[in-house]
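Per-entry structural report
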Amino acid sequence: MTAYNFPQDFWWGSAASGPQTEGRLPGDGKGDNVWDHWFQAAPEKFFDGIGPGQTSQVYTKFREDVALMKATGHNSFRTSIQWSRLLPKGTGAVNPEAVKFYNAYIDELLAQGIEPFINLHHFDLPWSLQAAGGWLNRETVEAYVEFAKTCFTLFGDRVKKWFTFNEPIVPVEAGYLYQFHYPLHTSLKEAVQVGFHECLASALAVAAYRELKQDGEIGVILNLSPSYPRDENNPADCQAAHRANLYFNRSFLDPALKGSFPPELIALLKEQDCLPVYRATDLTTIKDNTIDLLGVNYYQPRRVKAKETPLDHSHGPMPEDYFDVYDWPAKKINPYRGWEIYEKGLYDLLIDVRDNYDNFPCFISENGMGVEGEARYRNADGVIEDDYRITFIKDHLRYLHQALAEGCKVRGYHVWTCVDNWSWTNAYKNRYGLISVDLEHDASRTIKKSGHWFKQLAEEHGFTD
Ligand code: BG6
């Protein structure tokens, strides 16, 4: 038997987001965001035709959910403030109903001894800003800073962990390269501009947080995927992996933690004639406003090999000009989501942060497993027996434990997610929660076997097996 003990003050909890949980009610004052708009325009793109209005109804059920967080051992929980709820038009008037809701939600978390970790942007740009060009438009950066300041001023007396963005590379990849989120473009030049504006917006929010003399920590949450070469002994494969890492990890990691972009990435983008438009002072802003705390979302690795297929320039330059995706035959896969499960990737990421980013303080801000058709595992008491999820979490925690033992400054572990929530175009296809939701009836919640196990994990500060 081996004991995996974690520090007494380790953060145990889960993560979610406003747009994936809150839902919409008449009179709540929320404005449309890009998801509301896209769903109205193309509901067929969403699994089973379920859109962002029909989520797990946290807007009315948050007290029940906070009680369930407590019952599953949470000492911390992340969600996001929906920009389109707080500022329905993206800028200007504050929605008083939103202020009431977020105040009550935050107060309830605190009353139950659960620390709120609050994120500002989770893919949910207000529609009015998207219609005016979205993150391509520099005015969105200014609007975002106004939103961030409003949040700090309204809630910063109680919220002491803030995050500027969740996975800022997702709007870049999904919206402007690979066409799985609105506006479904493919243009590396646009993608780079969007990414640059997000980096600038994040740095400006960090600056505003400090100017307002707030006394908590502010960070960013990045989805990192270690890039592995097909063959470690093949220099061309290694160079391909190195370049994929520049595009997909270091593009956001370096500016957030070191205050500058990797020169090699700049050189590649220059070669592709895809450098962004910016002002010289922007680079100083990014340099001077690095974060305090890094959230690492880890789901899957990236596997690449040297470029073998001909360059496809039908959409102009792409990151894949410099590598090909490698399909590792030995991979273990989550068949529902189609993502590889590779637990050691979490350890490799943490070691990278330790060795190449001066052991920057971080935590695992998302890790989880989405499974379709979980109702088949429901027992006679109505509890979903999701042993596979317990195995998944344990398998990752062993590597996290090893990273801690080897000196990484990792402060916590948050599962994606608490109560099953709405997954963008996948809607409720794959369920990730420690707690199930009965969407067919009254959205009632039941703790899954993993939720009961998680409580024990948190109470015992680890597990033995
Ligand atoms: C993360 C996001 O990328 O993964 C979440 O922060 C998302 O918003 C989660 O829901 C799981 O991915 P998906 O696409 O299956 O919902």
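Everything quoted here is computed from the prediction, not taken from an experiment.

Quick notes on the rules
- Residues numbered from 1 in each chain as written.
- Predicted model: local features only at pLDDT ≥ 70, side-chain atom pairs only at ≥ 80, totals over all residues.
- Heavy atoms only, no water.
- Near = heavy atom within 4 Å.
- Polar contact = N/O pair within 3.5 Å; in protein donor to acceptor, adjacent residues only side chain to side chain.
- Nonpolar A, V, L, I, M, F, W, Y, C, P; charged D, E, K, R; others polar.
- Salt bridge = Lys/Arg side-chain N within 4 Å of Asp/Glu carboxyl O.
- Pairing = 2+ DSSP bridges.
- Helix = DSSP H or I, 4+ residues; strand = E, 2+ residues; numbered from the N terminus.
- Axes fitted to C-alpha atoms, helices over the stretch in contact; angles between N-to-C directions.
- Buried < 20%, exposed > 50% of the residue type's maximum accessible area, 1.4 Å probe, protein only.
- Core = buried A, V, L, I, M, F, W, Y, C linked by side-chain atoms within 4.5 Å.
- Contact = heavy atoms within 4.5 Å.
- Parallel < 35°, antiparallel > 145°, perpendicular 65-115°, else oblique.
- Left-handed = near helix turned anticlockwise from the far one by under 90°.
- Phe/Tyr/Trp six-rings, centres within 6.5 Å; stacked < 30°, edge-to-face > 60°.

The ligand sits among 13 residues. The nearest are Gln 20, Glu 167, Arg 337, Ser 423 and Tyr 432. Within the side chain of Gln 20, a nitrogen or oxygen atom sits 2.8 Å from an oxygen atom of the ligand. Between the ligand and the protein, one listed contact pairs an oxygen atom with a side-chain N or O atom of Glu 167 at 2.7 Å. Classifying every residue of the shell around the ligand by side-chain character gives 6 nonpolar, 4 polar and 3 charged.

Moving on, we come to the pattern of salt bridges. A full pass over the atoms with the stated rule returns 39 salt bridges. Measuring nitrogen to oxygen at the nearest pair gives 3.3 Å for the salt bridge that ties Lys 305 to Glu 308. A salt bridge links Asp 327 to Lys 331, with the shortest nitrogen-to-oxygen separation between them at 2.2 Å. Residues joined by salt bridges that share partners form a network here, namely Glu 374, Asp 386, Arg 389, Asp 420, Arg 431 and Lys 448.

Read once around its circumference, the closed barrel built from 8 strands follows the order β2-β3-β4-β5-β6-β8-β13-β15, with strand pairing classed as parallel. The average undirected angle you get between the axes of adjacent strands in this sheet is 25 degrees. By the bridge criterion, 4 bridges tie strand β5 (residues 161-166) to strand β6 (residues 217-223) in an arrangement that is parallel. Within the sheet, the bridge partner assigned to Trp 162 lies in β6 and is Ile 218.

Assignment of secondary structure puts Asp 355 in helix α13 (residues 344-356). Under the relative-accessibility criterion, Asp 355 is labelled partly exposed at 48%. Each C-alpha atom of the pair Asp 355 and Arg 398 lies 20 Å from the other, and the pair is 43 residues apart in sequence. Within the local environment of Asp 355, its side chain forms a polar contact with the side chain of Arg 354, the two groups lying 2.7 Å apart.

Tyr 144, Trp 162, Leu 294, Leu 397, Leu 400 and Tyr 413 are the most contacted members of the largest nonpolar core, which totals 136 residues. It is helix α9 (residues 188-211) that provides the largest number of residues to this core, a total of 12 residues. If we ignore the near neighbours within four places in the chain, the residues touching Tyr 413 are Phe 10, Trp 11, Trp 12, Gly 13, Ile 364, Asn 367, Ile 393, Leu 397, Leu 400 and Phe 454. Listed in part, the 6 residues of the second largest apolar core include Trp 11, Phe 117, Phe 163 and Phe 363.

Bringing the packing of α9 against helix α12 (residues 280-288) into the picture now. When two helices pack together, their arrangement is given by the angle between their axes and by how far apart the axes lie. Packing of α9 against α12 brings their axes to within 8 Å, and their N-to-C directions diverge by 55 degrees. When the interaxial angle is binned, α9 and α12 end up oblique. Two packed elements cross with a definite hand, and for α9 against α12 that hand is left-handed. Contact residues: α9 offers Phe 196, Cys 199, Leu 200, Ala 203 and Leu 204, while α12 offers Asp 282, Leu 283, Thr 285 and Ile 286. Partitioned by chemical class, the residues of the contact of α9 with α12 number 7 nonpolar, 1 polar and 1 charged.

Here we take up the packing of aromatic side chains. The final tally for this structure, using the stated rule, is 49 aromatic pairs. Judged by centre distance (5.5 Å) and plane angle (45 degrees), the rings of Phe 101 and Tyr 105 are tilted. One end of the pair, Phe 101, and the other, Tyr 105, are both in helix α5 (residues 96-111), 4 residues apart, so they sit about a helical turn from each other. The same class applies to Phe 101 and to Tyr 105, which are both buried. Ring centres 4.9 Å apart and planes at 25 degrees place the aromatic pair Tyr 144 and Phe 165 in the stacked group. A residue pair is termed long-range when its members are at least 10 positions apart, and Tyr 144 in helix α7 (residues 138-155) and Phe 165 in strand β5 qualify at 21 residues. Overall, the relative accessible area of 0% leaves Tyr 144 in the buried class.

Here we take up the packing of helix α10 (residues 235-258) against helix α11 (residues 263-271). At a closest axis distance of 10 Å, the pairing of α10 and α11 adopts a crossing angle of 105 degrees. The angle between α10 and α11 falls in the class roughly perpendicular. Note on element contacts: α11 touches α10 through Glu 264, Leu 265, Leu 268 and Leu 269, opposite His 242, Arg 243, Leu 246, Tyr 247, Arg 250 and Ser 251.

Taken by themselves, the reported measurements are silent on function.
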